[in-house]
Amino acid sequence: MKIIHTADWHLGKIIYKQHLTEDQNEVIQQFLKICEEEQPDAVIIAGDLYDRAIPPKEAVKVLNDTLLHLRKLDVPVLMISGNHDSSERLAFGTSLFELGGVHLHTELKEKREPVVLHDEEGPVYFHLIPYIEPAEAQAVFREKEITTHQEAYEAIVEDIRERFDMSERHVLIGHAFIQGGMESDSEERLTMMGGTPYVEAELFHDFSYVALGHLHQPQRVGSPYIRYSGSPFKYSFSEVTHNKSLTVADLHRGETSTRQTPLTPERDLETVEGYFSDLMKGEAASNPRNYLNIRLLDDGEILDPVGQLKTVYPNLLHLERKGITGSFREEDLEKVREKRDKAPIDVMADYYELVKEDALSGDKKDILQQIIEDIRQSERKE
């Protein structure tokens, strides 16, 4: 069985006030052309279809047109919600979608059933696991103590193993942070209730393929069959070195092979560095219409550098003055990373200690953590 695996479309994304929907649609047209050429038995979209809970109408139209095109190709579509999606809003019409071969799962249910597709070698069981918080898994597996993403997936995988014959081919579709995966700045940090948000790759050794979303760089984690397809477009300048692609997986009994098919946008994200006079020659970027982050090396003052550079590079999004600010020191970047990676409760505890000159007590910390969790849950339902 041939599967095309993609994820993290983030339709409706805006970076530096630049709407990317047109660029996203152009890349998705490439994706559809690949589907026409490959003629897969199934297409997987592993979460974060939209970039926010209430997407713009242009983004909704892109997804609607894409699903219609896939149905014209008579390809079953398997989708889950991600941490950026509103699970309740995205769930609208799911029963009708099923009639057209579009299978969308947005919540974890008791005794949930997989989507089963068949080929000449027999059935393939697709387990669609949307992004969940530990509390959502706890509500389903009430007899277990679940406070982390690891414990949530332990319960899910145990349930699958107990109810199904694992000698058959099984595919798990998930939106999670598998330990060992490489992050970038454009991925929203997952919650850390009770510990880290990571899930161990060893949990999935019984599956023929694990189709993941959340991390934007295409990569395998611990095994060739545990894969992030990555996002189809670059969503921050931390991703400029990524080679965007989708994954084609061929599932046979006892063997799974994968390959990457590249996606190449007309306007890419790129970082360039140089002196103003050299940059104005228009040869610094691989494509002058790319979305650019420019690092100026000049020490002296320059009159309206952004305005002048935009006459050559119309899609300049960000300008840094290395010579004046003394930026890019590794120790400064490390401090920024440390602050960015802190859990919300740790940020609040630091602020409390700064203002009160006293450590936040355990009881107060528990109350604040519950408030944070309640806010996260309400935001996902908007």
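Residues numbered from 1 in each chain as written. Predicted model: local features only at pLDDT ≥ 70, side-chain atom pairs only at ≥ 80, totals over all residues. Heavy atoms only, no water.

Enquirer: I keep staring at a nonpolar patch on the surface and nothing clicks. Help me out?
Expert: Taken together, the side chains of Leu96, Phe97 and Leu99 present a nonpolar region at the surface, about 360 Å² in accessible area. For Phe97, the location among the structural elements is in helix 4 (residues 94-99). (Patch = residues over 30% accessible without salt bridge, like charges linked within 9 Å, V, L, I, M, F, W, Y side chains within 5 Å. Areas by Shrake-Rupley, 256 points an atom, 1.4 Å probe, with all protein chains shown as cover. Salt bridge = Lys/Arg side-chain N within 4 Å of Asp/Glu carboxyl O. Helix = DSSP H or I, 4+ residues; strand = E, 2+ residues; numbered from the N terminus.)

Enquirer: Quick question: what am I supposed to make of the environment of Ile173 here?
Expert: You can see Ile173 is positioned in strand 9 (residues 169-175). Between the C-alpha atoms of Ile173 and Pro130, which are 43 residues apart in sequence, the distance is 7.8 Å. Apart from the residues lying within four places of it in its own chain, the contact partners of Ile173 are Ile44, Ala46, Leu78, Ile80, Phe126, His127, Leu128, Ile129 and Ala211. (Contact = heavy atoms within 4.5 Å.)

Enquirer: Just to check I follow, could you spell out the pattern of salt bridges for this structure?
Expert: Two side chains of opposite charge can pair, provided their charged atoms sit close to one another. Tallied over the entire structure, the rule returns 22 salt bridges. Within the structure, one salt-bridge network assembled from shared partners comprises Arg112, Glu113, Asp159 and Arg163.

Enquirer: Sorry, what's going on with the layout of surface pockets here?
Expert: In this approach the atoms are scanned with a rolling probe the size of a water molecule, which exposes any empty space left behind. Computed from the structure, the second largest pocket encloses a volume of approximately 460 Å³. Contributing to the lining of the second largest pocket are 22 residues, with Tyr50, Leu63, Leu67, Phe92 and Phe97 lying nearest its centre. Elements supplying a minimum of two residues to the lining of the second largest pocket: helix 2 (57-72), helix 3 (87-90), helix 4 and strand 6 (102-105). Residues of the lining of the second largest pocket, tallied by class, amount to 15 nonpolar, three polar and four charged. (1 Å grid on protein atoms, 1.4 Å probe; cavity = no way out; pocket = protein on both sides within 12 Å on 5 of 7 lines; lining within 4 Å. Points joined across faces, edges and corners; volume = space filled by probe spheres on them. Nonpolar A, V, L, I, M, F, W, Y, C, P; charged D, E, K, R; others polar.)

Enquirer: What am I meant to see in the pairing of strand 15 (residues 245-252) here?
Expert: Successive side chains on a regular strand alternate, one facing one side of the sheet and the next facing the other. With seven of eight residues buried, strand 15 is to be regarded as a mostly interior element. By the bridge criterion, four bridges tie strand 1 (residues 2-6) to strand 15 in an arrangement that is antiparallel. What sits directly across from Lys2, in strand 15, is Asp250. Bridge count between strand 15 and strand 16 (residues 255-262): eight bridges; the pairing is antiparallel. From the neighbouring strand, Val248 faces strand 16, where its bridge partner is Arg259. (Buried < 20%, exposed > 50% of the residue type's maximum accessible area, 1.4 Å probe, protein only. Pairing = 2+ DSSP bridges.)

Enquirer: Hey, could you run me through the sheet that holds strand 18 (residues 291-296) in this one?
Expert: Whenever strands of a sheet pair, they do so through backbone hydrogen bonds, lying parallel or antiparallel. Here we have three strands laid out as an open sheet, ordered 17-18-19, and parallel in their pairing. The open sheet has two edge strands with one neighbour each: strand 17 (269-274) and strand 19 (316-321). Geometrically, the sheet is characterised by an average inter-axis angle of 15° between neighbouring strands, direction not taken into account. (Axes fitted to C-alpha atoms, helices over the stretch in contact; angles between N-to-C directions.)

Enquirer: Where do I start with the nonpolar core in this structure?
Expert: In summary, soluble globular proteins display a tendency toward joint burial of nonpolar side chains. In this structure, Ile4, Leu11, Phe31, Val43 and Met79 are the most contacted members of the largest nonpolar core, which totals 35 residues. Going through the elements one at a time, helix 1 (21-38), strand 4 (42-46), helix 2, strand 5 (77-80), strand 6 and strand 15 are the ones with two or more residues in this core. Counting residues per element, this core draws most heavily on helix 1, which supplies six residues. If we ignore the near neighbours within four places in the chain, the residues touching Val43 are Ile4, Phe31, Cys35, Leu70, Val75, Pro76, Val77 and Leu78. Of all hydrophobic cores here, the second largest spans 31 residues; its members include Ala152, Ile156, Leu215 and Val221. (Core = buried A, V, L, I, M, F, W, Y, C linked by side-chain atoms within 4.5 Å.)

Enquirer: When you look at the sheet that holds strand 8 (residues 122-129) in this model, what are you seeing that I'm missing?
Expert: Taken together, six strands build an open sheet; the order of strands is 7-8-9-12-14-13 and the sheet is mixed. Each edge of the open sheet is held by one strand with a lone partner, namely strand 7 (115-119) and strand 13 (219-220). Summarising the sheet, strand 9 and strand 12 (residues 209-213) pair through five bridges and their orientation is parallel. Residue pairing for strand 12: His175 is matched across the bridge by Gly213. Against the sheet, helix 6 (residues 149-163) makes contact with strand 8 and strand 9, and its axis sits at roughly 160° relative to strand 9, the strand it touches most.

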